[in-house]
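Architecture at a glance
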Amino acid sequence: SRFYVTKDDHVLLSSEIGVIPDLPDSEVKIKHRLEPGKMFLVDFETERIVPDDEIKEVIAAQKPYAEWVQNGLIDLEKWAASGDKQTGKIDFEQSNRRFNMFGYSSEKLEMLLLPMAVGGKEALGSM
């Protein structure tokens, strides 16, 4: 996406450049593109574009994410050495819902993941 900020503080955001071909460069204060992985936020109360790092800092400070990650870590070497390999019963109805939640359809599982799991081969696929 591309965004412009005009001298009269209008923000124009579009997925393509040249959406407004009649906008003269003399009227543009800022020309920028939204980089991959970045967020774009216009705060109407403070009348400013909030920088990506500030957005992420505010969101990250709302929950103890670092603590959750730290508490959820499993040392694979210790786990493998412990001999405690018990796993819970797999609920395939729930797993299908979870796969879909992360963008895996049953078609992707069968075409891409199954060949890797069964034969150790990377499946051929196209976008």
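1. A word on the pattern of salt bridges
Oppositely charged side chains can form a pair if their charged atoms are brought close together. This structure, assessed with the given rule, holds five salt bridges. Here D25 and K31 are joined by a salt bridge, their closest N and O atoms 3.0 Å apart. Classification of D25 as exposed rests on a relative accessible area of 56%. Across the pair K38 and D52 runs a salt bridge, and its minimum N-O distance is 4.0 Å. Here K38, found in the loop between strand 3 (28-33) and strand 4 (41-43), pairs with D52, found in helix 1 (residues 52-61); they are 14 residues apart in sequence, far enough to count as distant.

2. Observations regarding the layout of surface pockets
In this model, the largest pocket occupies a volume close to 480 Å³. Lining the largest pocket we find 22 residues, and of these F3, V5, F40, I49 and V50 sit closest to its centre. Of all the secondary structure elements, the ones that give two or more residues to the lining of the largest pocket are strand 1 (2-6), strand 3, strand 5 (48-50) and helix 1. For the lining of the largest pocket, the element with the most residues is strand 3, which contributes four residues.

Reading guide: rules and limits
- Residues numbered from 1 in each chain as written.
- Predicted model: local features only at pLDDT ≥ 70, side-chain atom pairs only at ≥ 80, totals over all residues.
- Heavy atoms only, no water.
- Salt bridge = Lys/Arg side-chain N within 4 Å of Asp/Glu carboxyl O.
- Buried < 20%, exposed > 50% of the residue type's maximum accessible area, 1.4 Å probe, protein only.
- Helix = DSSP H or I, 4+ residues; strand = E, 2+ residues; numbered from the N terminus.
- 1 Å grid on protein atoms, 1.4 Å probe; cavity = no way out; pocket = protein on both sides within 12 Å on 5 of 7 lines; lining within 4 Å.
- Points joined across faces, edges and corners; volume = space filled by probe spheres on them.

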